[in-house]
Each structure stands twice: as structure tokens, then as C-alpha cells.
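# Descriptive analysis of the structure
Chain residues, written in single-letter form:
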Amino acid sequence: MRISHLDEKTLIYIYRYRDFINIETKKISCEIQNGEFIRTRVKDLNSIQYKIDSYKKRYENGEVPLNKCLNDLFGIRIVLSENIECEKIKNMIMVKFPQIKFLERNLEDKNYHALHLYFGKKDNYNFQWELQIWDVKHKEQNYLSHHIYKQEYAKWEQENKGGKENG
């Protein structure tokens with residue numbers, strides 16, 4: 001779904017969907033053992049607005065590809081204490097879920113290493129969810145990399161919303 005401007009009805013739909021998943025997924029987060037844990041996150045309202053504003057600037061006509069822009073309204077992160085073999089994980093999942101989109105993120109310049117999976121997008125009227133799988137040996141550096149990445153958002157939020165940085 002590409003839209004040239006976000007009308008109030010579309011924003012209300014996005015915000016209601018966000019509220020729904022925020023309530024329903026609080027039950028999932030937990031620490032497992034040996035440094036492994038599962039964390040869920042629903043994108044903050046200010047972060048949604050920031051991403052939409054950022055995408056508007058990228059496209060000449062201001063059209064926002066919503067499914068690309070908001071590909072992570074809901075996210076799950078799993079940190080494993082064992083070494084991750086991305087190909088093995090991908091092959092295992094592909095057998096049962098061939099429609100899942102994989103993105104192996106090895107950003108050497110940003111010191112970020114993870115496997116990202118996107119699922120749930122049936123058509124242009126659904127938002128996909130993101131699953132990140134991290135190896136515990138990359139945990140500290142991934143958090144640092146994420147913090148650096150979020151600096152532009154933190155600056156925008158201070159200037160536009162007067163708030164403080166949110167996850």
C-alpha cells in the first residue's frame with residue numbers, strides 16, 4: 001500500500017492496531033536461561049511518526065510505502081547463547097514457512113550481526129512482524145550499534161515532540 005498522504009483514518013487504524021498488539025504481546029517477554037531471552041517490542045507512537053516523516057522525504061512525490069516503512073510495528077528479539085548458524089535456521093524455518101522473508105544482517109561497518117525474519121504479510125492490507133535472532137556474543141555490540149542508529153530519531157523527537165528517547 002502506497003499512500004501520498006496519511007489521512008486521519010489511516011493513522012487511526014495504525015494506532016489502534018499498535019495498541020492492540022501492545023496489549024496482547026506483553027505476555028511474551030521473558031528471560032529463559034544462560035543469557036538467552038525473548039523480548040517483544042511495539043513501536044512507539046512517536047517512532048511511527050518519525051519513520052513516516054523520514055520516508056516522505058525519501059520519495060519525490062511523498063508517497064509512503066507503508067508496509068516497508070512500518071515493517072516492524074511489532075518485533076520479537078531472541079538472544080541465543082549458542083552460536084547461530086543462519087543457513088541452518090533459515091533452512092529449518094523454510095521447510096514449514098516458505099513465505100517468510102529472511103535478511104541476514106552482518107553490518108561490519110556498524111558492528112551489527114543478526115538474522116531478521118519478516119512474516120505475516122499476506123497482502124498490502126496487513127503489516128508484517130519482525131523476528132530478530134541474535135547470538136549472545138554479539139549482544140553488547142548490537143545494542144551499541146542500535147543506540148547509535150537511534151540518535152537521529154532521538155534528536156527528531158526532542159525537536160518535534162519534546163519527549164525523551166524511547167525504545
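Here, the structure is the one placed above.
Residues numbered from 1 in each chain as written. Predicted model: local features only at pLDDT ≥ 70, side-chain atom pairs only at ≥ 80, totals over all residues. Heavy atoms only, no water.

## Regarding a positive patch on the surface
Definition in use: Residues qualify for a patch when their relative accessible area is over 30% and they have no salt bridge, like charges being joined within 9 Å and the nonpolar side chains of Val, Leu, Ile, Met, Phe, Trp and Tyr within 5 Å. Only the protein chains shown count as cover for residues, with accessible areas throughout obtained via the Shrake-Rupley method and a probe of 1.4 Å. The rule for a salt bridge is simple: a side-chain nitrogen of Lys or Arg has to be within 4 Å of a carboxyl oxygen of Asp or Glu. For the purpose of charge, His is not counted, nor are the chain termini; Lys and Arg are scored as positive and Asp and Glu as negative. To locate a charge, take atom NZ for lysine, CZ for arginine, CG for aspartate or CD for glutamate. Counting from the N terminus, the helices are the DSSP runs of H or I reaching at least four residues and the strands are the DSSP runs of E reaching at least two. Only protein chains enter the area calculation, which uses a 1.4 Å probe; residues under 20% of their type maximum are buried, those over 50% are exposed, and those in between are partly exposed.
Positive charge collects at one region of the surface, where Arg 58, Lys 68, Lys 101 and Lys 121 lie side by side. Summarising the element assignment, Arg 58 is placed in helix H2 (residues 45-58). By relative accessible area, which is 56% here, Arg 58 ends up exposed.

## Re the pairing of strand S5 (residues 74-80)
Counted only if it meets this: Pairs of strands are assigned from DSSP output, requiring at least two bridges between the strands.
Burial runs high along S5: five of the seven residues are buried. Examined bridge by bridge, S5 and strand S8 (residues 129-135) share six bridges and lie parallel to one another. Bridged to Leu 80 within S8 is Asp 135.

## Focus: the pattern of salt bridges
Tallied over the full model, the rule gives four salt bridges. The closest approach of N and O atoms between Arg 18 and Asp 19, which form a salt bridge, is 3.1 Å. For Arg 18, a relative accessible area of 10% puts it in the buried group. Of the charged contacts, one joins Lys 51 and Asp 72 as a salt bridge, the two residues approaching to 3.2 Å between their closest N and O atoms. Remark: Asp 72 occurs in the loop between helix H3 (66-69) and S5 and Lys 51 occurs in helix H2; sequence separation between them is 21 residues. Like Asp 72, Lys 51 is buried. A network of salt bridges, in which partner residues are shared, links Arg 41, Lys 43, Lys 51 and Asp 72.

## Section: the pairing of strand S7 (residues 112-119)
In terms of burial, S7 is a largely internal element, seven of the eight residues being buried. Pairing analysis gives five bridges linking S7 to S8, with the strands arranged antiparallel. Across the sheet, His 116 pairs through a bridge with Gln 132, a residue of S8.

## Considerations on the packing of aromatic side chains
Applied cut-off: Aromatic rings from Phe, Tyr and Trp, taking only the six-membered ring of Trp, are treated as a pair when their centres fall within 6.5 Å; an angle between ring planes under 30 degrees marks them as stacked, one over 60 as edge-to-face, and anything in between as tilted. Only when the NZ atom of a Lys or the CZ atom of an Arg is both within 6 Å of the ring centre and within 35 degrees of the ring normal do we say a charge sits over the ring.
The full count for this structure, using the stated rule, is five aromatic pairs. A ring pair is formed by Phe 74 and Trp 129, whose centres lie 4.5 Å apart and whose planes are at 70 degrees; its orientation type is edge-to-face. Placement of Phe 74 in strand S5 and of Trp 129 in strand S8 is noted, with a sequence separation of 55 residues between them. Exposure remark for Trp 129: the relative accessible area of 28% places this residue in the partly exposed category. Following the ring pairs from residue to residue traces out a cluster consisting of Tyr 13, Tyr 17 and Phe 127. We note Arg 58 situated over the ring of Tyr 55; from NZ or CZ to the ring centre the distance is 4.2 Å.

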